[in-house]
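Structural features, examined
Each chain, letter by letter, is given below.
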Amino acid sequence: MASLFKDPAKISAYRDRRFNGTQEEFEQALLNSTTVYIGNMSFYTTEEQVYELFSRAGEIKKIIMGLDKNSKTPCGFCFVLYYSREDAEDAVKYISGTILDDRPIRVDFDWGFVEGRQWGRGRSGGQVRDEYRTDYDPGRGGYGKLVQKELEAQRQLVDYGAGSLGSFPPVMPPHYGKHGGGQGHGGSYRHGRDYHRKRHRDDDRYGRESSKRSSDHESRRTSDHDSRPEKNPRFRESGDSDDEEDDDRKRRP
Amino acid sequence: MSSWKSLLLRIGDKSSEYNSSSDFKDHVETCFGALRRELAHSSSEILSFLLQCAELLPHKIPLYGTLIGLLNLEDEDFVKKIVENTQNSFQDALDSGNCDRIRILMRFLTALMCSKVLQPSSLVVVFETLLSSAAITVDEEKGNPSWQARADFYVICILSCLPWGGAELAEQVPEEIERVLVGIQAYLSIRRHTSDSGLSFFEDDESGGDVVEKDFLEDLWERIQVLSNNGWKVESVPRPHLSFEAQLVAGKSHEFGPISCPEQPELPSTISALSYGKQKHEAELKYPQRTRRLNIFPASKTEDLQPIDRFVVEEYLLDVLLFFNGCRKECASFMVGLPVPFRYEYLMAETIFSQLLLLPDPPFKPMYYTLVIMDLCKALPGAFPAVVAGAVRALFDKIADLDMECRTRLILWFSHHLSNFQFIWPWEEWAYVLDLPKWAPQRVFVQEILEREVRLSYWDKIKQSIENASALEELLPPKGGPNFKYSGVDGQEKPEQEQALSAELSDKVKGRQSAREIIVWVEENIYPTHGLEVTLSVVVQTLLDIGSKSFTHLITVLERYGQVMAKLCPDQDKQVVLIAEVGSYWKNNAQMTAIAIDRMMGYRLVSNLAIVRWVFSPENIEQFHISDRPWEVLRNAISKTYNRITDLRKEISSLKKGVISAEEAASKAKADLEAAESKLTLVEGEPVLGENPAKLKHLKSVAEKAKEEEESTHDSLQAKEALLARALDENEVLFLSIYKNFGTVLMERLPDASSDVTLQSLKSIHGDSMAVDLEESSTMEVDDENGIPKKSQSNGGKATNTYTVREKEQWCLSTLGYVKAFSRQYASEIWPHIEKLDAEVFTGDVHPLFRKAVYSGLRRLSNEL
């Protein structure tokens, strides 16, 4: 309706490099698609949360979680397939920029899911944007992958290999040296895998709220973060194995 | 964007285009200057853009009207074209029944009259045309009173113009406008008062019967009369033309040609209450009432406004909501920046909530209003959040009277809203609901909000969010894990054999055995020795467990192994057992219960009738008044059925278009071929096929293909129509089943029909021990001892809110509320089957309260109402 203020030529600023076709075909695909892409999600957000929110725009046909191609865990994006175009449009109009799991999510038209698009395209398996980030984002696995690697290298130098718990405090390298294997590891040990998952999640959350894009000083206090994303604490556990899950995802028509 | 365009677009806004000036006179002069320079070489572009602006930014119409008045002094022909153009659009809008366009174009005509582009008498002619059409419609003999909705709409449009031009009309053509007003008065005396108890937000307007609330038109009429007595002064309507009066009078007034209103549809040949009702329903769908006031805030918050200002501001807000759907930034900034000299946050909140809760449907999905409210909270962080909280409290206080559909929307909205604001809410205010019985509407409301919050987030997070009222934890849903019979961990272990079978099945699935193999295994190894019950339990529980990790896992299992369940449950009886097994597996997770059942219906493993039967099974009936859980499942089943029908209708309508174009293509191809053939015969008196045989052959094949195409689209249209006819028959069966079930369970529980029982009397059958006195901080409507709600009293003092309804009565109230809500939501689908329903369900011995709930949901007139 409000055509006066909209640039009709611009349906999406993002151009998927993997799309086989011309720009025109790409735009046509976006105009007819009933699929939306959701970005900037937390790694912890479950399909059921997505379902609850997005079904308010219309009946959902499918949800495809974006997965880290190495760890096969959610890596912060997904596709939602609707039955009707109108519902997909409403999802873009009304959900994009709103909060899911404390994060502003992005919702865009997508040209259509094809097998293979569920995998992260970053070098380390996740999304490209998580390769180069330098901020600490506990909803998306802590630091960006490159920074993580650097930190890992630093830590091994200081730690003499003792720190195989896979964790370290979220501080920049220069500060880290002073901590050694002390406080940081103690913290992570307490909140390691065996610790109650939800609780751990809460800690993460607290840390992020107080230190989101904040100074080193702030982030140093929240010293017990895992460097890599744990298995999603909100995934319902059941007798099934993880391999099965991944297989299911791959095999879905 | 060229500068004249952005000047037109931004006129009246505090914006950089106008150096942040807020003087309308400056704006008009600046914009006029720019337009005048461009007029010579881009007149047609200006014309269409200007009209577009006027239609999409109707709150700026006085400014556009003034601009056009000034342009009229420069270029009469240009303005003549504007008038002609508008006349054509207006006639089109009348013919097609485009309500928004009719209303806005009439306001535009009024503004043109103010700036001397149109003669006042031309406008009066428009008014009189509409008024006489309205008067004929409601005339019992000449017209068709079932179409009163349209007649009312026309009269509302006339009245709606008066805030914008009443003063000018009264000054320039006092007698003519008086005649119009007298005519409207006469119209009001013939038309029927619209009693919309089926669409009102609160179930309290039947308390007395002597106090008849004004309907929308009567209310507007009263506001206009006050306005007229006030000398037509309106604060909320800018009057920029006054600053240019001296120039404008020199302009030439243009003719506005005659317009005509479409005829009302004829009365059906056999006049019966039913056919009348069907037509009325159709008319009300086409000419819906735009808004309905919630009246949730104390009068003190809005009373300093003149009655007409309230109407005008509502119009502005509704138009912005209408035209800026999907443009968040502009929507919020226009909402907060209306051209009025007073504050209107309360009015804004109330208007948005009125839309969010509007019955039968808001113009847009409820989520749109959720977004608008969020954006306004961010745009006015100091003022709006508190107003929203006030609205929530006011609605919460009246929740027991709030319509069931509205309650559901409010729960969905509020949980979603809070999820965008860190789930912060002063829950301690509502902690007292724990002292209420578990069926008390306020308690159920809190519980359902928490349920939805958990779905949007996760259990621990929501538990943390209610820390300041930690007792409310009791109302949190269970933590949500599956309840697997064969997990082998719970105390009451299942027989080892079953356990083993479940494990075996699980291994088979992991081993990727096909559905066929598993069906054979089940039929050979389980069914013969264990019987249906155990077989079903093992198969369904195990498969659900394999699919329990996520929505996608569920879908995958159902896609691969749904056939195993289908084979076991070919008929409705067994499907009910299947659904019950789902309910038991997911008993701690309402969302997964609903999703699983919904998907099973999607894969046609269970029918909608089986779902209805399960919803009306004893264990669910017990939940009707204390949980949304069974209702969610029922809602999903009906809406899925409805969506299938809608899809078929869409396909059919596009196929119909396809048939027409295929027919055209075929006849054209045939004509081409014939033309080519006849041309060939003329060559030198004898048929020379060699002239262009290739072309002829080509044409022949084109014609054949076109013919085939025509036939095949015909065939697929017929196929789809057959499918639709079947779907509609199934829909009839579905509604019969729903209503029969409702009728039966209500009859068992409602007090004897012979007594003079009403909803109010249900509420006032007191359970002595249940009375809980509560301190209420709110000043909103409060029930008095008799349970009769009083109209808002704002004494600011403490009041006693006593919830004394007993369980059985609340069960009846809630269930009747859902009956009404379902009837209303699917009224259009139910009306075509009304004869059958009347014959089989709504017979003489049906309970009067049940009948009343259905009728008011369908907005069906009856003697009882």
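Residues numbered from 1 in each chain as written. Chains lettered and ligands numbered in written order. Predicted model: local features only at pLDDT ≥ 70, side-chain atom pairs only at ≥ 80, totals over all residues. Heavy atoms only, no water.

**Looking at the overall build of chain B**
A count of helices and strands for chain B gives 33 helices and two strands. Considered along the principal axes of its C-alpha atoms, chain B spans approximately 105 × 100 × 60 Å. Taking contacts inside chain B between residues at least 6 apart in sequence as the whole, the part at least 24 apart equals 76%. Element-wise, carbon and sulfur atoms account for 50% of the exposed surface of chain B, whose accessible area totals about 36200 Å². Here chain B contributes 94 positive and 128 negative side-chain charges, whose respective centroids are spaced 3 Å apart. (Helix = DSSP H or I, 4+ residues; strand = E, 2+ residues; numbered from the N terminus. Contact = heavy atoms within 4.5 Å. Areas by Shrake-Rupley, 256 points an atom, 1.4 Å probe, with all protein chains shown as cover. Lys, Arg positive; Asp, Glu negative; His and termini not counted. Charge placed at Lys NZ, Arg CZ, Asp CG, Glu CD.)

**Examining the overall build of chain A**
Within chain A, the regular secondary structure consists of 10 helices and six strands. Looking at chain A residue by residue over its 253 residues, the buried ones come to 58%. Counted over contacts in chain A with a minimum sequence separation of 6, partners at least 24 positions apart contribute 64%. Of the roughly 11600 Å² that chain A leaves accessible, carbon and sulfur atoms contribute 51%. (Buried < 20%, exposed > 50% of the residue type's maximum accessible area, 1.4 Å probe, protein only.)

**As for a negative patch on the surface**
Residues E704, E708, E709, E711 and D715 of chain B make up a contiguous surface patch of negative charge. A relative accessible area of 52% places E708 of chain B in the exposed class. (Patch = residues over 30% accessible without salt bridge, like charges linked within 9 Å, V, L, I, M, F, W, Y side chains within 5 Å. Salt bridge = Lys/Arg side-chain N within 4 Å of Asp/Glu carboxyl O.)

**Re the pairing of strand β1 (residues 35–39) of chain A**
Residue and element names in this part refer to chain A. Of all the five residues making up β1, five are buried; the element is thus mostly covered by neighbouring parts of the structure. Of the two faces of β1, the one carrying T35, Y37 and G39 and the one carrying V36 and I38 are both buried. As paired elements, β1 and strand β3 (residues 74–82) share four bridges and run antiparallel to each other. The partner of I38 across the bridge, within β3, is C78. Note: β1 against strand β6 (residues 106–110), five bridges, orientation antiparallel. Along β6, the bridge assignment pairs Y37 with D108. (Pairing = 2+ DSSP bridges.)

**Description of the packing of aromatic side chains**
This model, assessed by the stated rule, comprises 41 aromatic pairs over all chains. Relative to F414 of chain B, the ring of W413 of chain B lies with its centre 5.4 Å away and its plane at 35 degrees, an arrangement referred to as tilted. Across this residue pair, the class does not change: W413 of chain B and F414 of chain B are buried. Chaining the aromatic ring pairs together yields one cluster made of F353, F396, W413, F414, W425, W427, W430 and F445 of chain B. Across the ring face of F109 of chain A, the terminal group of R85 of chain A is positioned such that the distance to the ring centre comes to 4.2 Å. When the ring centre of W164 of chain B is taken as reference, the NZ or CZ atom of R107 of chain B above it lies at 4.1 Å. (Phe/Tyr/Trp six-rings, centres within 6.5 Å; stacked < 30°, edge-to-face > 60°. Lys NZ or Arg CZ within 6 Å of the ring centre and 35° of its normal.)

**A short note on the packing of helix α5 (residues 99–114) of chain B against helix α6 (residues 120–138) of chain B**
Residue and element names in this part refer to chain B. The interhelical angle for the contact between α5 and α6, taken along N-to-C directions, is 155 degrees, at an axis separation of 9 Å. Between α5 and α6, the angle is such that the two are roughly antiparallel. Seen from above, α5 lies across α6 with left-handed handedness. Of the residues in α6, those touching α5 at M106, L109, T110 and M113 are P120, L123, V126, F127 and L130. Counted by class, the contact of α5 with α6 contains eight nonpolar, one polar and no charged residues. (Axes fitted to C-alpha atoms, helices over the stretch in contact; angles between N-to-C directions. Parallel < 35°, antiparallel > 145°, perpendicular 65-115°, else oblique. Left-handed = near helix turned anticlockwise from the far one by under 90°. Nonpolar A, V, L, I, M, F, W, Y, C, P; charged D, E, K, R; others polar.)

**Details of the side chain of Q810 of chain B**
Residue and element names in this part refer to chain B. Its place among the elements puts Q810 in helix α30 (residues 807–825). At a separation of 2.7 Å, a polar atom in the side chain of Q810 contacts the side chain of Y803. Once residues lying within four places of it in the same chain are set aside, the contact partners of Q810 are W439, P441, H625, Y803 and V805. (Polar contact = N/O pair within 3.5 Å; in protein donor to acceptor, adjacent residues only side chain to side chain.)

**Focus on the UniProt feature "domain: RRM" (unreviewed entry) in chain A**
On the UniProt side, "domain: RRM" (unreviewed entry) is annotated at positions that read residues 34–112 of chain A here. The span residues 34–112 of chain A is 24% helical and 39% strand by assignment, and the distance between its end C-alpha atoms comes to 8 Å. (UniProt positions renumbered as here; feature names shortened; annotations may be inferred.)

**Considering unusual backbone geometry**
Between L359 of chain B and the following residue, P360 of chain B, the backbone shows a cis peptide bond with an omega angle of 0 degrees. Position of P360 of chain B among the secondary structure elements: in the loop between α14 (345–356) and α15 (366–379).

**Points about the sheet that holds β3 of chain A**
All names here are of chain A. Pairing in this open sheet of four strands is antiparallel, and the strands run β2-β3-β1-β6 from one edge to the other. Of all strands in the sheet, those bounded by a partner on one side alone are β2 (60–67) and β6. Here the average twist between neighbouring strands, direction ignored, is 25 degrees. Strand contacts of helix α3 (residues 85–95): β1, β3 and β6, with the helix running at about 150 degrees to β6, the strand carrying the most contacts.

**Some remarks on helix α8 (residues 174–190) of chain B**
Residue and element names in this part refer to chain B. Taking 1.5 Å per residue as the helical rise, α8 with its 17 residues ought to reach 24 Å, and the 25 Å between its terminal C-alpha atoms agrees with that figure. Along α8, the residues that are buried comprise I177, V180, L181, I184, Y187 and L188. Viewed end-on, α8 has its buried residues packed into an arc of 115 degrees, placing them on one side of the element. Of the exposed residues in α8, those oriented more than 90 degrees away from the buried face are E175, S189 and I190. On its buried face, α8 is in contact with α6, α7 (148–172) and α9 (216–229). (Expected span 1.5 Å × (residues − 1). Arc of directions from axis to C-beta.)

**Describing the pattern of salt bridges**
Counting across every chain of the model gives 78 salt bridges over all chains. Residue K62 of chain A pairs with E559 of chain B through a salt bridge whose shortest N-O separation is 3.5 Å. In this pair, K62 of chain A sits in strand β2 while E559 of chain B sits in helix α22 (residues 551–568), so the two residues belong to two different chains. On the basis of relative accessible area, K62 of chain A is assigned to the buried category, the value being 13%. Shared partners join several salt bridges into a network, and the residues in it are E52 and R56 of chain A together with E451, R452, R455, D628, E632 and R635 of chain B.

**Section: the state of the cysteines**
Under the definition given, this model contains zero disulfides over all chains. In this structure C75 of chain A is not part of a disulfide, and its nearest cysteine sulfur, from C78 of chain A, lies 11 Å away. C157 of chain B takes part in no disulfide bond, and the closest cysteine sulfur to it belongs to C161 of chain B, at a distance of 7.1 Å. (Disulfide = S-S within 2.5 Å.)

**Topic: the environment of V540 of chain B**
Residue and element names in this part refer to chain B. Looking at the element boundaries, V540 is found in helix α21 (residues 515–546). We classify V540 as buried; its relative accessible area is 1%. Not counting residues up to four positions away in its chain, the partners in contact with V540 are M565, L578 and E581.

**Details of the side chain of D309 of chain B**
All names here are of chain B. Mapped onto the elements, D309 comes out in helix α12 (residues 307–323). Buried charge without a salt bridge: D309, with R223 as the nearest opposite-charge side chain at an N-O distance of 9.3 Å. Apart from the residues within four sequence positions on either side, D309 is in contact with V234, E235, S236 and F342.

**Notes on the confidence of the model for chain B**
All names here are of chain B. In this model, chain B carries an average pLDDT of 89, and 91% of its residues clear a pLDDT of 70 or more. Here residues 767–800 scores under 50 on pLDDT; set against residues more than four positions off or in separate chains, the count is 65 contacts. For this predicted complex, the interface score ipTM comes out at 0.90, alongside a pTM of 0.86. (pLDDT = per-residue confidence, 0-100.)

**Let's talk about the pairing of β3 of chain A**
Both faces of the sheet carry side chains from a regular strand, because those side chains alternate between them. Residues and elements named next belong to chain A. With nine of nine residues buried, β3 is to be regarded as a mostly interior element. Two elements, β2 and β3, share six bridges in a ladder whose sense is antiparallel. Across the sheet, residue K62 finds its bridge partner in β3, namely L81. Linking β2 back to β3 in an antiparallel pair, the connection comprises six residues, with K72 at a positive phi of about 60 degrees.

**Overview of the packing of helix α3 (residues 61–74) of chain B against α5 of chain B**
All names here are of chain B. For the pair α3 and α5, interaxial distance at closest approach is 8 Å and the crossing angle is 45 degrees. Compared by their axis directions, α3 and α5 come out oblique. Seen from above, α3 lies across α5 with right-handed handedness. Here I61, P62, G65 and I68 of α3 come into contact with α5, specifically with I104, R107, F108, A111 and L112. For the contact of α3 with α5, the residue count by class is seven nonpolar, one polar and one charged.

**Considering empty space enclosed by the protein**
All names here are of chain B. As enumerated under the stated definition, the model contains 14 cavities of 30 Å³ or more in all. If you add up the space inside the largest cavity, you get close to 180 Å³. As for the largest cavity, its lining consists of 18 residues, and the residues nearest its centre are M404, R407, V444, E448 and Y818. Sorting the residues of the lining of the largest cavity by element identifies α17 (404–419), α18 (441–456) and α30 as the ones contributing at least two each. Here the lining of the largest cavity is composed, by residue class, of 10 nonpolar, five polar and three charged. (1 Å grid on protein atoms, 1.4 Å probe; cavity = no way out; pocket = protein on both sides within 12 Å on 5 of 7 lines; lining within 4 Å. Points joined across faces, edges and corners; volume = space filled by probe spheres on them.)

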